[in-house]
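Here are the chains, one letter per residue:
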Amino acid sequence: MSSMSSETVPSDASRTDTRIRHGSADFRRTNLALFAAGFCNFSLMYCVQPLMPTFSTTFGVHPAEASLSLSLTTGVLAFAMLACGALSDARGRKQVMKVSLLLSSLLTLVTALTPNWHGLLLLRALMGLSLSGVPAVAMAYVSEEMHVDSVGLAMGLFIGGSAVGGMGGRLLTGVFTDVLGWRAAIACIGAIGLVAALVFWRTLPESRHFQARRLRAGALARTLGELLRERGLRWLFIEGFLLMGTFVTLYNYIGYRLLAPPYSLSVSAEGAIFAVYLVGIFSSTWMGHVANRMGRRKCFWSAFVLLLVGMALMLLQPLALVVLGLAVVTFGFFAGHSMAASWVGRRAPHSKAQASSLYLFAYYMGSSLAGVAGGLFWSRDGWLGVTLFTALLTVVGLFGALRLIAIPPLATSRNTPIHGGAAQ
């Protein structure tokens, strides 16, 4: 019970008035910092994705094995985040995120020097540990420090920074690989990550509503159990698994398709395709704002419909339609992730860092498990197999989104405005 009281957001006016609101200087500083954190975290995480065909050629590994360069990172990250939320409860949000970003950038620089495949995989697994200190902790920071009117927009901007990082990591890696080779490309991404980490360090305001708690394994287990018993949160965790599993699987194996005939693209041209991530920047911010006004339960299902439309377009042969389909998939994914991530913070009755950790645990396990499984479908049935696999995941996700509509919303609090998005 004590853990609940320490995490419950006070509703008195004095605390509400000190929260960061849209339009203030602190809002701009916070979002610059979180944008930099998202950029750093996700550019370092995903810089290897366009290199998977290169890894297959260089190290003589199967596509499913090449996907381990990403899946190991996200798999370790998923488990590590369960502890990072609790660690940030004890050590502070900014401190954990700062150390995480700096270590991840340094590990990326070391990865560029690794001489063999197994050494690369080991470093990428360690990256999962270091990267785990940002996503769940950033979500908890936003939920604690932002006024309820600004949570959706702030979360959307953080996820927008993640989209820029994901795009930049993939696009720049492809360009640098064609010009300098893949090792130099990874080193360049690591150096860019260091700059973004320093921007974060200098600009993020210190927490005002954070209350430190001692790190206790028993209390953590009880807290996680309580959160898992909440019906709405359980479905949101499943939705995170399905959204990320679908998205990463499509992006993992589109490179193999585009480098082969009839497209035969270069690595840099394939990397340029990832510019469609710009769509994710718009969709995460816009849909986060729309969902705050209309209510997430009214909008969330549309993300899965968009994923299905995008996959249908990607089945067609013309390159322009494949790219258009990838853009639609990207729009749908970031819209869905933005709504689900902010919904978790709103729906968690207490222990928001742990709730965020559970959501992201499911999210990154989707990346790891579905990402590797997709390689088996690719090897057996090519792009059609990948599409059927991801379509199945998406249909299950659509069912879950419709199920969430039927789950009663939480009662509104005095810190919650009365509008369409109030009760979640």
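Residues numbered from 1 in each chain as written. Predicted model: local features only at pLDDT ≥ 70, side-chain atom pairs only at ≥ 80, totals over all residues. Heavy atoms only, no water.

- Per an unreviewed UniProt entry, the chain is named YNFM family putative membrane transporter, and its organism is Oleiagrimonas soli.
- Checking UniProt for the chain, the heading Subcellular location (unreviewed entry) contains the comment "Cell membrane".
- One UniProt comment on the chain, placed under Sequence similarities (unreviewed entry), says "Belongs to the major facilitator superfamily." (UniProt positions renumbered as here; feature names shortened; annotations may be inferred.)

### Remarks on the overall build of the chain
Here's step 1: When helices and strands are counted, the chain shows 19 helices and zero strands.
Here's step 2: Of the roughly 15,300 Å² of accessible surface on the chain, a fraction of 70% belongs to carbon and sulfur atoms. (Helix = DSSP H or I, 4+ residues; strand = E, 2+ residues; numbered from the N terminus. Areas by Shrake-Rupley, 256 points an atom, 1.4 Å probe, with all protein chains shown as cover.)

### Examining the nonpolar core
Here's step 1: Residues Phe300, Tyr359 and Tyr364 are the most contacted members of the largest nonpolar core, which totals 114 residues.
Here's step 2: Here this core spans two domains, and each of domain 1 (21–205) and domain 2 (219–407) adds at least three residues to it.
Here's step 3: If we skip the residues at most four places from it in the chain, tyrosine 359 touches Met139, Leu236, Phe237, Gly240, His337, Ala340, Ala341 and Val344. (Core = buried A, V, L, I, M, F, W, Y, C linked by side-chain atoms within 4.5 Å. Buried < 20%, exposed > 50% of the residue type's maximum accessible area, 1.4 Å probe, protein only. Domains from an automatic or database assignment. Contact = heavy atoms within 4.5 Å.)

### Description of the packing of aromatic side chains
Here's step 1: With the rule as written, the count across this model stands at 20 aromatic pairs.
Here's step 2: Considering the side-chain rings of phenylalanine 59 and tryptophan 117, the 5.4 Å spacing of their centres and the 40° angle between planes classify their relative orientation as tilted. Highlighted residues: phenylalanine 59 in helix H4 (residues 52–59) and tryptophan 117 in helix H8 (residues 117–131), separated in sequence by 58 residues.
Here's step 3: Here tryptophan 117 falls in the buried class, since its relative accessible area comes to 5%. (Phe/Tyr/Trp six-rings, centres within 6.5 Å; stacked < 30°, edge-to-face > 60°.)

### Considering unusual backbone geometry
Here's step 1: Residue proline 261 is joined to proline 262 through a cis peptide bond whose omega torsion reads 5°.
Here's step 2: Phi is positive for serine 264, close to 50°, though the residue is something other than glycine.
Here's step 3: Here serine 264 lies in the loop between helix H13 (231–259) and helix H14 (267–272).
Here's step 4: Residue serine 264 is classed as partly exposed on the basis of its relative accessible area of 45%.

### Here's the deal with the side chain of threonine 387
Here's step 1: Tracing the backbone shows threonine 387 in helix H19 (residues 352–406).
Here's step 2: Exposure remark for threonine 387: the relative accessible area of 6% places this residue in the buried category.
Here's step 3: Setting aside chain neighbours within four positions, we find threonine 387 in contact with Met311 and Leu315.

### Overview of the packing of H13 against helix H17 (residues 301–314)
Here's step 1: In the contact formed by H13 and H17, the axes pass within 12 Å of each other and the chain directions differ by 15°. By the angle between their directions, the pair H13 and H17 is classed as roughly parallel. Every pair of crossing elements has a handedness; the one defined by H13 and H17 is left-handed. In this structure, H13 contributes Glu239, Leu243, Thr246, Leu250, Ile254 and Arg257 to the contact, and H17 contributes Phe304, Leu307, Met311 and Met314.
Here's step 2: Across the contact of H13 with H17, the residue classes break down as seven nonpolar, one polar and two charged. (Axes fitted to C-alpha atoms, helices over the stretch in contact; angles between N-to-C directions. Parallel < 35°, antiparallel > 145°, perpendicular 65-115°, else oblique. Left-handed = near helix turned anticlockwise from the far one by under 90°. Nonpolar A, V, L, I, M, F, W, Y, C, P; charged D, E, K, R; others polar.)

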